[in-house]
Amino acid sequence: MLIEITAGPLAPEPFLQHVRRDDSGAVALFLGVVRDNSVDAAGVRRRVLYLEYDAYLEMAEQKLREVAEEALSRWPITDVAIAHRIGRLEIGETSLLVAVSSPHRHEAFAACHHIVNRIKEVVPIWKKEVWEGGEAWIEGEPVGEK
Amino acid sequence: MKATVKFFAALREMTGTRELTLDVPDGQTVNGLFRELCARYPRLADYESALFYSVNAEYVSPDHGLRDGDEVAFIPPVSGGGGAD
């Protein structure tokens, strides 16, 4: 397992190398990428200039680890690597990387999907959108049970 | 007893600080501490219904009792991950 929170750019190759094994025929890779637009509460689309991520570092690392462990116990997967960027991110940069290896593809896809969803629920990381003429911290849906 | 409080994201901007160390009465709960801080930073009160609490980097319930030296954080709904919500 490899967990990383970093202010530097995220390149997939080291994470793919970390999870791949000769006995595992599948590696699923998810990249969350900074999009150049968003829709506000009133449904109006705005042009995003850049994002800024803040994190409760110690807790976020621990929660990422727990999310990875949960997936490893729930699916017959081989290994998991998760990396999240913090600080200022420009349009097109990778904010989140999840790589999952498994003997067969189905489990890798399912576990990868689950990990991304759980990260958005429980990991204390927040993004601020900065657009033309304003900025706001984005808040996810409050989730009943962490 | 003493507790350290951490603020992140919108709450950090509202309070203008990342961290405070406070004297708290014995038996104080995390929600009680939050309400005390709302007196100092009134805009925090808007967050009460959406907030999660952590003590020493673990999620806890609002009525969790504090101990000397605890590190408390008030956690707004998280929004990490990709740009593709």
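Residues numbered from 1 in each chain as written. Chains lettered and ligands numbered in written order. Predicted model: local features only at pLDDT ≥ 70, side-chain atom pairs only at ≥ 80, totals over all residues.

Description of the confidence of the model for chain B
Part 1 of the reasoning: Looking at chain B as a whole, its pLDDT mean stands at 94, while 96% of the residues score no less than 70.
Part 2 of the reasoning: Confidence metrics for the complex model read pTM 0.94 and ipTM 0.93. (pLDDT = per-residue confidence, 0-100.)

As for the sheet that holds strand β3 (residues 52-55) of chain B
All names here are of chain B.
Part 1 of the reasoning: Reading across from one edge, β2-β1-β5-β3-β4 is the order of the 5 strands in this open sheet, with mixed pairing throughout. If you trace the sheet from one side to the other, it starts and ends with β2 (19-23) and β4 (58-60), each paired once. In this sheet, adjacent strand axes meet at a mean angle of 30° when their direction is disregarded.
Part 2 of the reasoning: Bridge analysis of β3 against strand β5 (residues 70-75) gives 4 bridges, and the strand direction is antiparallel. Among the inter-strand pairings, S54 is bridged to a residue of β5, identified as A73.
Part 3 of the reasoning: Here helix α2 (residues 30-40) sits on the sheet in contact with β1 (2-6), β3, β4 and β5, set at roughly 70° to β5. (Pairing = 2+ DSSP bridges. Helix = DSSP H or I, 4+ residues; strand = E, 2+ residues; numbered from the N terminus. Axes fitted to C-alpha atoms, helices over the stretch in contact; angles between N-to-C directions. Contact = placed C-beta atoms within 7 Å.)

Some thoughts on the nonpolar core
Part 1 of the reasoning: By size, the foremost hydrophobic cluster in this structure holds 58 residues, and its most contacted members are A:V80, A:V98, A:V100 and A:I115.
Part 2 of the reasoning: When residues no more than four places from it in sequence are discounted, the contact partners of A:I115 are A:V67, A:A68, A:A71, A:V80, A:I82 and A:V98. (Core = buried A, V, L, I, M, F, W, Y, C linked by C-beta atoms within 7 Å. Buried ≥ 20, exposed ≤ 12 C-beta atoms within 10 Å, placed from the backbone.)

Digging into the packing of helix α2 (residues 57-74) of chain A against helix α3 (residues 105-122) of chain A
When two helices pack together, you describe them by how their axes are tilted relative to each other and by the distance separating the axes.
Residue and element names in this part refer to chain A.
Part 1 of the reasoning: The interhelical angle for the contact between α2 and α3, taken along N-to-C directions, is 150°, at an axis separation of 10 Å. Taken together, the axes of α2 and α3 are roughly antiparallel relative to one another. Viewed along their axes, α2 and α3 form a crossing whose handedness is right-handed. In this structure, α2 contributes K63, V67, A68 and A71 to the contact, and α3 contributes A111, H114, I115, R118, I119 and V122. (Parallel < 35°, antiparallel > 145°, perpendicular 65-115°, else oblique. Left-handed = near helix turned anticlockwise from the far one by under 90°.)

Considering the environment of A:A7
Residues and elements named next belong to chain A.
Part 1 of the reasoning: Tracing the backbone through its elements, the reader meets A7 in the loop between β1 (2-6) and α1 (12-19).
Part 2 of the reasoning: The spatial distance from the C-alpha of A7 to the C-alpha of I77 is 29 Å, given a sequence separation of 70 residues.
Part 3 of the reasoning: For A7, the residues in contact, after removing those within four places along its chain, are I86 and G87.

Side note on the environment of B:A57
Part 1 of the reasoning: Within the secondary structure, B:A57 sits in the loop between β3 and β4.
Part 2 of the reasoning: Remark: the alpha-carbon pair of B:A57 and B:V72, spanning 15 residues in sequence, is separated by 7.8 Å.
Part 3 of the reasoning: Residue contacts for B:A57: discarding those within four places in its chain leaves A:E58, A:M59 and A:Q62.

Thoughts on the interface of chain B and chain A
Part 1 of the reasoning: Listed as interface residues are 21 residues of chain B and, on the opposing side, 28 residues of chain A.
Part 2 of the reasoning: Of all the secondary structure elements, the ones that give two or more residues to the side of chain B that touches chain A are α1 (9-15), β3 and β5 of chain B.
Part 3 of the reasoning: Sort the elements by how many residues they give to the side of chain B that touches chain A and α1(B) lands first, with 3 residues.
Part 4 of the reasoning: Of the residues in the side of chain B that touches chain A, the class split is 13 nonpolar, 6 polar and 2 charged. (Nonpolar A, V, L, I, M, F, W, Y, C, P; charged D, E, K, R; others polar.)

Structural notes on α3(A)
Residue and element names in this part refer to chain A.
Part 1 of the reasoning: Helix length check: α3, at 18 residues, gives a terminal C-alpha distance of 26 Å against a target of 26 Å (1.5 Å per residue), a fit within 8%.
Part 2 of the reasoning: Of all the residues in α3, the buried ones are E107, A108, A111, C112, I115, I119, K120 and V122.
Part 3 of the reasoning: Packed against the buried residues of α3 are β2 (26-33), α2, β5 (79-85) and β7 (94-102). (Expected span 1.5 Å × (residues − 1).)

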